[in-house]
Every structure is written in structure tokens, then in C-alpha cells.
Amino acid sequence: MILRLSRHAAALCTATLTVFIVMTVLEFIYFRQLSGGLSSLDWRFAGFTPDEGMAWLTALGRRGSEIILVWHYLTFDLVFPALLSVTMVSLIIATGRRLRNFRAMSAQVQSAFALALVLPYTLADYAQNFAVARLLSDFLTANPDSLAFASALTVTKFALLAIPVTVIAAFHLAGQRRRV
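Residues numbered from 1 in each chain as written. Predicted model: local features only at pLDDT ≥ 70, side-chain atom pairs only at ≥ 80, totals over all residues. Heavy atoms only, no water.

(A) Region of the structure containing the overall build of the protein. Regarding its fold elements, the protein presents six helices and zero strands. Reading the protein from its N terminus to its C terminus gives the helix and strand order α-α-α-α-α-α. Dimensions of the protein, computed from C-alpha atoms along their principal axes, come out at roughly 55 × 30 × 30 Å. Sequence-distant contacts in the protein: of pairs separated by 6 or more residues, those separated by 24 or more amount to 76%. Approximately 9,500 Å² of the protein is accessible, and the part contributed by carbon and sulfur atoms is 70%. (Helix = DSSP H or I, 4+ residues; strand = E, 2+ residues; numbered from the N terminus. Contact = heavy atoms within 4.5 Å. Areas by Shrake-Rupley, 256 points an atom, 1.4 Å probe, with all protein chains shown as cover.)

See below:
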């Protein structure tokens, strides 16, 4: 089943890109207006201090928090990590199959390899989403520890995302060199 995902890599990339564009447009057109120009915690690749997180939550207020919770965390960002993960698995397999050594591995090993690279990102992204959604839904839970934890999950999510992206790029480049 997992190996068949590589047949749908282009469609998955298109769907993932579409959801990402919608989320990006919402961020820059709507969510930043709600927070007085502050970027959402999801966009802070290097994390944020508890004071920066609290400033964002305060600027949003109850209404802004509810809007972001519903229009980001309970809709698009509920689907996006899974969609991106499935897309990355399909790309790892599709680009890996261009390489003799990867093709020589059994289907189960190829699938396990792709899943092992992607699953940590998926779990970290959902954990980060849950932590930020909790802060948005219950402003009283926001304290330096909960904000620092959400920040650490944000950094972890992006660091773990870099691993499969790097493997996909390396497989793609290796496959290109092989053709030349």
C-alpha cells in the first residue's frame, strides 16, 4: 500500500501545495491583522520566547484566538501535517526507486525507511499544534513553561522536517547524476 503512494506523488504534491498556499494566504492576509502584525507561532522557525508567545496571544485576544483556532488548527493544520507526511513518504519512495541500491531493498524495507524518516516530523507537528491550540483555547494555561514547551516543539518540528526533505533532495540529485 505505502509503495503505491509513489504513483500519486504529483497529485499529493499539488494537494499539499494548495493547502500550504491557503494557510500562507490566511496567515499574511488575515491572521497577522488579528495579531497587530505579529507572525503566528507556527511561522517562528527558530522558536519564540515566552514573552513573544504571550504578546501574540494577548494581541489576538479572545476573538482572534477563536478565529485562528477554528480556521487554522481545527481545519487546515489538522489535515496539513498528515498530507505533507504522506507526500514526503511518496517522494522518498519515488526518488529512491531511481537508485539501484534503494530499488534492491524489499518493499517492506523501503516503506519502513520512508516512514521512519517522516513519522517523527508528523508526531512533532501534531504535538506542536496541540500545544498551541491549547494555549489559544484556554488563555489561562499560557505560562512561561507552556510557552517554552510550545516553542521547543516548533523548533523540533522544523528540525525533523528537514530530515526527509534533505533525503528527498539527495535522492533526487543522485538520480539526476545517474542519468547524466
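Alright, that's what it looks like, and here's the rest.
(B) How the structure looks around the packing of helix 2 (residues 50-73) against helix 5 (residues 107-137). Put simply, helix 2 and helix 5 touch, their axes get as near as 8 Å, and they point 125° apart. In terms of axis orientation, helix 2 runs oblique to helix 5. Crossing geometry of helix 2 relative to helix 5 is assigned as left-handed. Seen from helix 2, the contacting residues are Trp56, Leu57, Leu60, Arg62, Ser65, Ile68, Leu69 and Tyr73; seen from helix 5, they are Asn129, Val132, Ala133, Leu135, Leu136 and Ser137. Across the contact of helix 2 with helix 5, the residue classes break down as 10 nonpolar, three polar and one charged. (Axes fitted to C-alpha atoms, helices over the stretch in contact; angles between N-to-C directions. Parallel < 35°, antiparallel > 145°, perpendicular 65-115°, else oblique. Left-handed = near helix turned anticlockwise from the far one by under 90°. Nonpolar A, V, L, I, M, F, W, Y, C, P; charged D, E, K, R; others polar.)

(C) Spotlight on the nonpolar core. Ranked by internal contacts, the top residues of the largest apolar core, which has 21 residues, are Trp56, Leu57, Ile68, Tyr73, Val132 and Leu136. Of all elements in the fold, only helix 1 (9-34), helix 2, helix 5 and helix 6 (144-179) reach the threshold of two or more residues within this core. Of the residues forming this core, the biggest block, seven residues, is contributed by helix 2. (Core = buried A, V, L, I, M, F, W, Y, C linked by side-chain atoms within 4.5 Å. Buried < 20%, exposed > 50% of the residue type's maximum accessible area, 1.4 Å probe, protein only.)

(D) Summary view of a nonpolar patch on the surface. A cluster of nonpolar side chains, contributed by Leu17, Phe20, Ile21, Val25, Phe28 and Ile29, occupies part of the molecular surface with about 570 Å² of accessible area. Residue position: Phe20 is located in helix 1. Residue Phe20 is classed as partly exposed on the basis of its relative accessible area of 37%. (Patch = residues over 30% accessible without salt bridge, like charges linked within 9 Å, V, L, I, M, F, W, Y side chains within 5 Å. Salt bridge = Lys/Arg side-chain N within 4 Å of Asp/Glu carboxyl O.)

(E) Representation of the packing of aromatic side chains within the structure. Going through the model one piece at a time under the given rule, you end up with nine aromatic pairs. Considering the side-chain rings of Phe102 and Phe113, the 6.0 Å spacing of their centres and the 65° angle between planes classify their relative orientation as edge-to-face. Linking Phe102 in helix 4 (residues 100-104) with Phe113 in helix 5, this pair joins segments that are 11 residues apart in sequence. Relative to Phe171, the ring of Phe102 has its centre 5.5 Å away and its plane inclined at 65°; by these criteria the two rings are edge-to-face. Taken as a pair, Phe102 in helix 4 and Phe171 in helix 6 lie far apart in primary sequence, 69 residues in all. As far as the burial class goes, Phe102 and Phe171 line up, both buried. Here a set of aromatic residues connected by ring pairs shows up, and it is made of Phe20, Phe28, Trp43, Phe45, Phe80 and Phe158. (Phe/Tyr/Trp six-rings, centres within 6.5 Å; stacked < 30°, edge-to-face > 60°.)

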